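Tertiary structure, described
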Number of protein chains: 2
Amino acid sequence: MARSATSPLLVDLYELTMGQAYFDAGLADRQATSDLFYRTLPAGWGYLLAGGLEFALAYLEELSFADDEVAYLESTGLFTPPFLDHLRALRFTGTVRAMPEGTLLFPGEPALEVTAPVIEAQLVETVLLNELHLSSLIAGKAARCVDVAEGQMLVDFGLRRAHGGEAGLKAARAAFLAGFDATSNVLAGREYGIPTAGTMAHSFVESFASEETAFRAYARSYPNHSILLVDTYDTRQGIRRAVETGRELATRGSRLTGMRLDSGDLVDLSLEARALLDEAGFEDALVFASGGLDERDVAALLEAGAPIGGFGIGTKMVVSADAPYLDMAYKLVEFGGRPTMKLSTGKATLPGRKQVWRVIADEHFAFDVVEREGAPGPDGAEPLLAEVMRGGRHLGADTLQDARERAAAQRERLPSEHRRLDATPYDVRIGPELRALADEVRATAGSGAGSGGQRRV
Amino acid sequence: MARSATSPLLVDLYELTMGQAYFDAGLADRQATSDLFYRTLPAGWGYLLAGGLEFALAYLEELSFADDEVAYLESTGLFTPPFLDHLRALRFTGTVRAMPEGTLLFPGEPALEVTAPVIEAQLVETVLLNELHLSSLIAGKAARCVDVAEGQMLVDFGLRRAHGGEAGLKAARAAFLAGFDATSNVLAGREYGIPTAGTMAHSFVESFASEETAFRAYARSYPNHSILLVDTYDTRQGIRRAVETGRELATRGSRLTGMRLDSGDLVDLSLEARALLDEAGFEDALVFASGGLDERDVAALLEAGAPIGGFGIGTKMVVSADAPYLDMAYKLVEFGGRPTMKLSTGKATLPGRKQVWRVIADEHFAFDVVEREGAPGPDGAEPLLAEVMRGGRHLGADTLQDARERAAAQRERLPSEHRRLDATPYDVRIGPELRALADEVRATAGSGAGSGGQRRV
């Protein structure tokens, strides 16, 4: 299980002030249920991968306020002594149902559902969103790379431009979950057991009197682990010098691992590199490419016949450059046993506790149904939400390897039109009992004035 | 000074394998100088704010490998015992010159320069890029919001969709540096002394039997700090109910702080809210707006005459949605006293140690000149790079307040065409001595084959 170092003060202020107001209103023990779901997918994306659950559960399990943290809250003047005492004793005691990491999911489906006393359920909103958002976003983006890579090696190179070290670490994990082969991030290698990989930098080449001296120096230290960077000066010269270094290695019984192209016309240059490597008898040596690549570049390069055996995917994957956030929400769906919903323009929600059913036909995913929890699902459909925490205790952790295998197995069962870079939307239906409940709640929501009645879900 | 909890293993693998190769080549003590700079700005952006320096310096000052970290590296089989001993003893002993946080900067200007034994200078690349990137990116994005907000209150609401908790915390700090007024992030309030602010969530409103009951409950707990959220059901009804709650508060000697609009036509709704508040005598009550806003929305709302006194800016600011990364690099410019440069297609660099001079005319910034360090600058120009670390020791920390004031003062001196949302590029020139050096180095770079001679910088 992932360790959490998350402060309980990593929270939006209103989670705490609403807690105070619930407390003052005598509602501290009222049970609330909230859903976490994605409203839409980024343009072109066909699916998401559930990610971040293990981080979220670690946070919930360890949530508590230390004395100095309560003292800080006291210093704001916003909270009463009885409420601060309540926070001092607070632990997360609720139940969590969720899709395990690596599950494929689609817009409108709850990825996670929390049922807890309302102050707890509200307090954890900020971190639950933050954790699931980051990991699901990067796993989804990385999966798009895997979908087009035709089995060629994919290495995460993103740490330097991830949004912080934590983001770099979690992005490396999310990319591996999605099917990446390795990461340049040494800490991710240690923390999560992800294979690490790397090549060399332009600065290394520039530090030596000549390119060939630099190649020889690196090859001396790593005679069987050298991927030589060939574009510091003249790339075609660099390719020839790398092959020459390979010949020198071969005379000493070692072998060149490959070379890296980081700029220029990667189709032409990779063809030339491959031809010269093959001509020299280095058929096993890799032509590795990097330099601002994303999934569309990978697809275009392979379609153009570039003989590239490995890709370093950095910035554009770890910040999900074309879609740097997901439209997601954590919404109250039940309070004190009463189903609730929001009718705000363009942001309406569905009430009550839910289950997501996945209908399989011919061993492929056909469509999903979001239905009221407890209502029957379609014949033979698989339920996706399972209890993962009860009474604040984690009910058995999933490993990263489990999640990675789940993602791979489920992607194979998703029809290919939903795995293309410009994907067809997958069919997610609302079950009849959930639809009936929504109609019922909408008719009375907001009470009194009955104003909700005319709004569409 | 900011505390660093950054592991020395938060690094790209190649920084360490290159270290091994330098070590084996007998170059461990050779001095290297590297520049950190931004190649280009995102579309429309006129400037960046230097950010993240205090985090970077904290990391450098505390950099060291613990035994378990060295043991992990040993387990990879990639490093020799003498090099692992070298790492065990390694501290950052170098010199850093940098622009202080809050300095306005432009493409091609070094924001930071490291001079240190090459293994140290290389090892720190990943974290230096990561730290400066995140803080400069978000400060730059937040500054665009400040540039159009006409002095209205700006509050960071981004924590939930920042890329991790660390990113949320550092984004809150960067936004405050850039001129934001407050953050919803309680931990940022505690760690950095940033004022915290917040309103209420839709879930709070839905937890009560009716909207008016919810408003009353919140106002009971916060009779003088209530910003009521009015769009959970019917927004026009919500506005009226909020005004009604204000009347109830007034009868008890309290005052409504304001109301928040989070969806719908914010121009129309804010006009209606403002009119009803004024009619009820609540001229001081704030109309606050949120809901996926960025700087272009803020500008458009204010231009359309929306009487909005405060904006909650969340996701699109903390992930810098239109430009989620900066094109930046950390490049070797001198090795063992010899100036170096990279000639890669489209990624060429300028050699040697540098100074950035800012030329002021009529109390406004006229243009900048990047010149060789030690060469004279233009008459009366201000040098922007100063020594901030020597022998691995921080030479006196800047406070966040200093940086915030610096940013505000410098932005006032930047001509307005560079502060527009679609800004005119600022003039950055290359000094004559730097240009001569680049010509000289280019002619010999890559050595032997003389291949570099034909490439353009």
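Rules of the game
- Residues take numbers from 1 onward in each chain, read along the sequence in its written order.
- Whichever chain is written first is A, and whichever ligand is written first is 1; the rest continue in order.
- At least 70 in pLDDT is required for a residue's local features to be given in this predicted model, at least 80 for side-chain atom pairs to be given and counted, and no such filter applies to totals for whole chains, interfaces and linings, which use all residues.
- Per the convention used, a helix needs a DSSP run of H or I reaching at least four residues, while a strand needs a run of E reaching at least two, with both numbered from the N terminus.
- Burial in this document is a count-based property: other C-beta atoms within 10 Å of a residue's C-beta are tallied, and the residue is buried at 20 or more, exposed at 12 or fewer, or partly exposed in between, with C-beta positions derived from the backbone.
- Residues are scored as being in contact if the C-beta atoms we place from backbone atoms lie within 7 Å.
- Gly is put with the polar residues, along with every residue not named as nonpolar or charged; the nonpolar set is Ala, Val, Leu, Ile, Met, Phe, Trp, Tyr, Cys and Pro, and the charged set is Asp, Glu, Lys and Arg.
- The atoms used to superpose the copies are C-alpha atoms, taken from residues with pLDDT of at least 70 in both, and the fit is least squares.
- A set of buried residues drawn from Ala, Val, Leu, Ile, Met, Phe, Trp, Tyr and Cys, joined through C-beta atoms within 7 Å, is what defines a nonpolar core.
- Residue ranges for the domains trace back to a domain assignment, done automatically or taken from a database.
- By the convention used here, strands pair only if DSSP detects at least 2 bridges between them.
- For helices, the fitted axis covers only the stretch in contact; all axes are lines through C-alpha atoms, and the angles between them, taken along N-to-C directions, range from 0 to 180 degrees.
- Angles below 35 degrees are treated as roughly parallel, those above 145 as roughly antiparallel, those between 65 and 115 as roughly perpendicular, and all remaining angles as oblique.
- Two helices crossing with the near one rotated counterclockwise from the far one by less than a right angle form a left-handed crossing, whereas a clockwise rotation gives a right-handed crossing.

1. Concerning the overall build of chain A
Scanning chain A from terminus to terminus reveals 16 helices and 19 strands. The C-alpha extent of chain A, read off along each of the three principal axes, is 85 × 55 × 35 Å. In chain A, buried positions account for 59% of the 457 residues. Long-range contacts, defined here as pairs at least 24 residues apart, represent 72% of the contacts in chain A between residues at least 6 apart.

2. Re the interface of chain B and chain A
Buried accessible area, meaning the area lost when the parts come together, often serves as the stated size of an interface. Contacts between chain B and chain A engage 90 residues on the former and 90 residues on the latter. If one sorts the elements of the side of chain B that touches chain A by residue count, helix α1 (residues 13–24) of chain B sits on top with eight residues. Residues of the side of chain B that touches chain A, tallied by class, amount to 37 nonpolar, 37 polar and 16 charged.

3. Brief notes about the relation of the copies chain B and chain A
Superposing chain B onto chain A takes a rotation of 180° combined with a translation of 0.0 Å along the rotation axis, leaving an RMSD of 0.0 Å. Expressed as a symmetry operation, the mapping of one chain copy onto the other fits a two-fold axis. Comparing interface residues between copies, 100% of those in chain B also sit at the interface in chain A, which points to an isologous, same-surface contact.

4. Overview of the nonpolar core
One finds Ala 142, Ala 175, Ala 178 and Tyr 218 of chain A together with Ala 142, Ala 175 and Ala 178 of chain B to be the most contacted residues of the largest nonpolar core, which totals 304 residues. Once residues within four sequence positions are removed from consideration, Ala 142 of chain A is found in contact with Ala 174, Ala 175, Ala 178, Phe 180 and Met 317 of chain A.

5. Comments concerning the domain arrangement of chain A
Residues and elements named next belong to chain A. When cut into domains, chain A gives domain 1 (13–138 + 325–454) and domain 2 (152–318). Residue-level contacts link 13 residues of domain 1 with 15 residues of domain 2. At the level of elements, α6 (125–148) and α15 (400–413) are the ones that each hand at least two residues to the side of domain 1 that touches domain 2. At five residues, the largest contribution of residues to the side of domain 1 that touches domain 2 is made by α15.

6. Observations concerning the sheet that holds strand β12 (residues 328–335) of chain B
All names here are of chain B. Strand order in the open sheet made by the seven strands is β13-β12-β1-β5-β3-β17-β18, with antiparallel pairing throughout. Pairing within the sheet leaves two strands with one partner each, and these edge strands are β13 (338–339) and β18 (393–394). Bridging between strand β3 (residues 95–98) and strand β5 (residues 110–117) involves four bridges; their strand directions are antiparallel. Within β5, the position partnered with Thr 95 by the bridge is Thr 115.

7. Considerations on the sheet that holds strand β17 (residues 386–390) of chain A
All names here are of chain A. Across the sheet, which stays open at both edges, the seven strands sit in the order β13-β12-β1-β5-β3-β17-β18 with antiparallel pairing between neighbours. Edge positions in the open sheet fall to β13 (338–339) and β18 (393–394), since each of these has one partner strand only. Judged from the seven bridges that link them, strand β1 (residues 31–38) and strand β12 (residues 328–335) form a sheet pairing that is antiparallel. Across the sheet, the residue bridging to Thr 33 is Glu 334, located in β12. Helix-sheet contacts for α6 involve β1, β5 (110–117) and β12, and the interaxial angle to β12 is about 135°.

8. A closer look at the packing of helix α3 (residues 67–75) of chain B against helix α4 (residues 81–89) of chain B
Residues and elements named next belong to chain B. Direction vectors running N to C along α3 and α4 enclose 155°, while the axes themselves pass 10 Å from each other. It follows from the interaxial angle that α3 and α4 lie roughly antiparallel. The two elements α3 and α4 cross, and the hand of that crossing is right-handed. The residues of α4 that touch α3, namely those facing Val 70, Leu 73 and Glu 74, are Leu 84, Leu 87 and Arg 88. Partitioned by chemical class, the residues of the contact of α3 with α4 number four nonpolar, no polar and two charged.

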